[in-house]
Amino acid sequence: MKTVNYGKLLILIEKFEITEKDLTIDIKLKNNASVQTIIFPIEEIRILADNQIIGLDNYKFENNLDPNQESSGQLFFKINNKPKKMILQFGKLSLPKINIDI
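None of these values were measured; they are calculated from a predicted model.

**With respect to the packing of aromatic side chains**
Line of reasoning, step 1. Tallied over the entire structure, the rule returns two aromatic pairs.
Line of reasoning, step 2. Aromatic side chains Tyr6 and Phe90 sit 5.7 Å apart centroid to centroid with 40° between the ring planes, which places their arrangement in the tilted category. In this pair, Tyr6 sits in strand S1 (residues 2-6) while Phe90 sits in strand S10 (residues 86-90), placing the two residues 84 residues apart along the sequence.
Line of reasoning, step 3. Judged by relative accessible area, which is 0%, Phe90 ranks as buried.

Given below as structure tokens:
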């Protein structure tokens, strides 16, 4: 398990499962802000697999969180083969990023 702060969100990576064509990551999020927080997964979450950028294929979790609200779910990525090194990255492309080695 790995934990990071992304803005006002606390993100916990619980586990991941990889096959020859798919990567699934189980996550939990908690809004630590005193206001509503929204994450736009397709824009803000990606994988760097052996230095190749792989966009999020789909997700299953609540991305509009009220203060102190928690959400858990999954991130889904399509991959061509099992990479040697993977980094889960949070952040819009034009802004600073948070990286998590998985």
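**Topic: the sheet that holds strand S9 (residues 70-78)**
Line of reasoning, step 1. Judged by pairing direction, the sheet is antiparallel, and its five strands sit side by side in the order S1-S2-S3-S9-S7 without closing on themselves. The open sheet has two free edges, formed respectively by S1 and strand S7 (58-60), since each of these has just one partner strand. Averaged over all neighbouring strand pairs, the angle between strand axes comes to 25°, with direction disregarded.
Line of reasoning, step 2. Note: strand S3 (residues 22-31) against S9, nine bridges, orientation antiparallel. Bridge pairing in S9 links Ile27 to Gly73.

**As for empty space enclosed by the protein**
Line of reasoning, step 1. According to the stated counting rule, one finds one cavity of 30 Å³ or more in the structure shown.
Line of reasoning, step 2. Taken together, Leu48, Asp50, Asn51, Lys85, Met86 and Ile87 make up the lining of the largest cavity.
Line of reasoning, step 3. Split by residue class, the lining of the largest cavity holds three nonpolar, one polar and two charged.

About the criteria used
Residues numbered from 1 in each chain as written. Predicted model: local features only at pLDDT ≥ 70, side-chain atom pairs only at ≥ 80, totals over all residues. Heavy atoms only, no water. Phe/Tyr/Trp six-rings, centres within 6.5 Å; stacked < 30°, edge-to-face > 60°. Helix = DSSP H or I, 4+ residues; strand = E, 2+ residues; numbered from the N terminus. Buried < 20%, exposed > 50% of the residue type's maximum accessible area, 1.4 Å probe, protein only. Pairing = 2+ DSSP bridges. Axes fitted to C-alpha atoms, helices over the stretch in contact; angles between N-to-C directions. 1 Å grid on protein atoms, 1.4 Å probe; cavity = no way out; pocket = protein on both sides within 12 Å on 5 of 7 lines; lining within 4 Å. Points joined across faces, edges and corners; volume = space filled by probe spheres on them. Nonpolar A, V, L, I, M, F, W, Y, C, P; charged D, E, K, R; others polar.

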